[in-house]
Amino acid sequence: MTQLYPLQLTVNGESCQLMVDPRTTLLDALREHIGLTGSKKGCDQGQCGACTLHVDGERVLSCLTLAAQAAGREITTIEGLAKADGTLHAVQAAFMRHDAFQCGYCTSGQIMSAVACIKEGHTGSDDEIREYMSGNLCRCGAYPNIVKAVKDAAASLSQEAVS
């Protein structure tokens, strides 16, 4: 029988106390122990990006990250991206405006990756956006609209920063 260990995670600004197997991935801790199912388990091998979220503001593949590695760090999931009043993040709103999803399975990972792509400053051209979003696969082929959404959100966020 596997021994469980206590783990404290800070997810979307809230402290969560868990008892987990030391081999538990961050994705499984979020989905199965905390109930945050927005991050999707696609390939479970770090190849599709559906599980992308932010740890200390950096994008990570949560299926390849042990939950214990995130202890003491700030985790942001798709559920924590919108403002407390329900106002969507600029990237979420842009994905809606540009219909940048079809089945929706990859959408949370695409959005979290897009937020990081913009923050990292990789929105200078369509090709640059495609390159820095390339770790997130969309089986439906919504890539042209995803690129449009990222460009639109980057422009919107840039304009907000100036105001």
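Structure: see above.
I will try to describe carefully the structure that is included in this document. (Residues numbered from 1 in each chain as written. Predicted model: local features only at pLDDT ≥ 70, side-chain atom pairs only at ≥ 80, totals over all residues. Heavy atoms only, no water.)

Observations concerning the sheet that holds strand β3 (residues 52-55)
One open sheet holds the five strands; their spatial order is β2-β1-β5-β3-β4, and the pairing between them is mixed. Both outer strands of the open sheet, β2 (14-20) and β4 (58-61), are each paired with one neighbouring strand and no more. Direction aside, neighbouring strands of the sheet carry axes that sit 40° apart on average. One ladder, built from two bridges, connects strand β1 (residues 5-11) with strand β5 (residues 74-76); its direction is parallel. (Pairing = 2+ DSSP bridges. Helix = DSSP H or I, 4+ residues; strand = E, 2+ residues; numbered from the N terminus. Axes fitted to C-alpha atoms, helices over the stretch in contact; angles between N-to-C directions.)

With respect to helix α5 (residues 143-162)
End to end, α5 covers 29 Å across 20 residues, agreeing with the expected 28 Å (1.5 Å per residue, within 8%). Ile146, Val147, Ala149, Val150, Ala153 and Ala154 are the residues of α5 that are buried. What you see down the axis of α5 is that its buried residues fit within an arc of 160°, all on one side. Exposed positions of α5 whose direction lies more than 90 degrees from the buried face are Pro144, Gln159 and Val162. Against α2 (90-97), α3 (107-119) and α4 (126-132) lie the buried residues of α5. (Expected span 1.5 Å × (residues − 1). Buried < 20%, exposed > 50% of the residue type's maximum accessible area, 1.4 Å probe, protein only. Arc of directions from axis to C-beta. Contact = heavy atoms within 4.5 Å.)

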